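# Coordinate inspection notes
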Amino acid sequence: MPEVNVEINGRKYRMACEEGQQARLIGLAERFNTQVEGLKGAVGEIGDNRLTVMAGIAVLDELSEAERRIRALEAQVAELTQAGQDIAAELETTEAQFARKLAEAAEALEGVAETLDGAVPLP
């Protein structure tokens, strides 16, 4: 299992990860370290454990908000999908009605044509 070295709050950590996930782990560690450094700048030195817990909670807050937005977008997609299905069904019904009316008009024209064909020609 590959290992990578990451740095969080000035400390280096060796971490194992799955093959091919090294760059992802390094990127995640960098993002987390940015969160820690941002908190350190905002609240000052408050102790490593407390700072790490605060950064973890802040990251989970962002994750929770992202999950809420995903659920809202999924609901919108479902709503739009249903609206599209409703429109497709309505279009199908309208097309069927149009086809019936067109068939009725064709029958009427055929009747007129037969009448005209059977009429006595004018002198």
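Each remark here, short or long, concerns the structure printed above.
Attention in this report is confined to the structure presented alongside it. Sequence positions are assigned chain by chain, starting from 1 and proceeding in written order. For this predicted model, a pLDDT threshold of at least 70 governs which residues receive local features, and a threshold of 80 or more governs which side-chain atom pairs are given and counted, while totals over whole chains, interfaces and linings are taken from all residues. The basis for the side-chain values is all heavy atoms of the structure; hydrogens and waters are excluded.

## Examining the side chain of Lys40
With respect to the element layout, Lys40 can be found in helix H1 (residues 22-43). Exposure classes here rest on a 1.4 Å probe applied to the protein chains alone. A residue is buried below 20% of its type maximum, exposed above 50%, and partly exposed in between. Residue classification places Lys40 among the buried residues on the basis of a relative accessible area of 19%. Residues contacting Lys40, with those up to four places away along its chain left out, are Asn9, Glu45 and Leu51. Only DSSP runs of H or I covering at least 4 residues are called helices, and only runs of E covering at least 2 are called strands; the numbering of each starts at the N terminus. Note on contacts: a residue pair is in contact if any heavy atoms of the two residues lie within 4.5 Å.

## Looking at helix H2 (residues 48-118)
A rise of 1.5 Å per residue sets the reference length of H2, with its 71 residues, at 105 Å; its end C-alpha atoms lie 104 Å apart and thus fit the reference within 8%. On its buried side, H2 packs onto H1. Multiply 1.5 Å by the residue count of a helix minus one, and that product is the helix's expected span.

## Some remarks on the packing of H1 against H2
Under this scheme, a helix contributes an axis fitted over its contacting stretch, all axes are lines through C-alpha atoms, and angles between N-to-C directions fall in the 0 to 180 degree range. Here H1 crosses H2 at 115 degrees, and the two axes come no closer than 9 Å. The interaxial crossing formed by H1 with H2 has right-handed handedness. Facing Phe32, Gln35, Val36, Leu39, Lys40 and Val43 of H1, the residues of H2 in contact are Leu51, Thr52, Met54, Ala55, Gly56, Ala58, Val59 and Glu62. Only Asp, Glu, Lys and Arg are considered charged, only Ala, Val, Leu, Ile, Met, Phe, Trp, Tyr, Cys and Pro nonpolar, and every remaining residue, Gly among them, polar. Partitioning the contact of H1 with H2 into residue classes produces nine nonpolar, three polar and two charged. Two helices cross in a left-handed way if the nearer one is turned anticlockwise from the farther one by less than a right angle. They cross in a right-handed way if the turn is clockwise.

## Some details on the pattern of salt bridges
What makes a salt bridge here is a side-chain nitrogen of Lys or Arg within 4 Å of a carboxyl oxygen of Asp or Glu, nothing more. Using the criterion set out here, one finds five salt bridges in the structure. A salt bridge links Arg14 to Glu3; its shortest N-O distance comes to 3.3 Å. Note that Arg14 is positioned in strand E2 (residues 11-16) and Glu3 in strand E1 (residues 3-8), a separation of 11 residues in sequence. Of the residues examined, Arg14 reaches a relative accessible area of 60% and is grouped as exposed. The salt bridge partner of Glu65 is Arg68, with a shortest N-O separation of 2.5 Å. Of this pair, Glu65 and Arg68 are both found in helix H2, three residues apart, which corresponds to roughly one turn of the helix. What makes Arg68 partly exposed here is its relative accessible area of 42%.

## Some thoughts on the nonpolar core
Here, the term nonpolar core denotes a set of buried Ala, Val, Leu, Ile, Met, Phe, Trp, Tyr and Cys residues that are joined through side-chain atoms within 4.5 Å. Counting residues in hydrophobic clusters, the biggest one holds 10 residues: Val4, Val6, Ile8, Cys17, Leu25, Ala29, Val36, Leu39, Leu51 and Ala55. Put simply, the parts of the chain that give this core at least two residues each are E1, H1 and H2. Top element by residues in this core is H1. It accounts for four residues.

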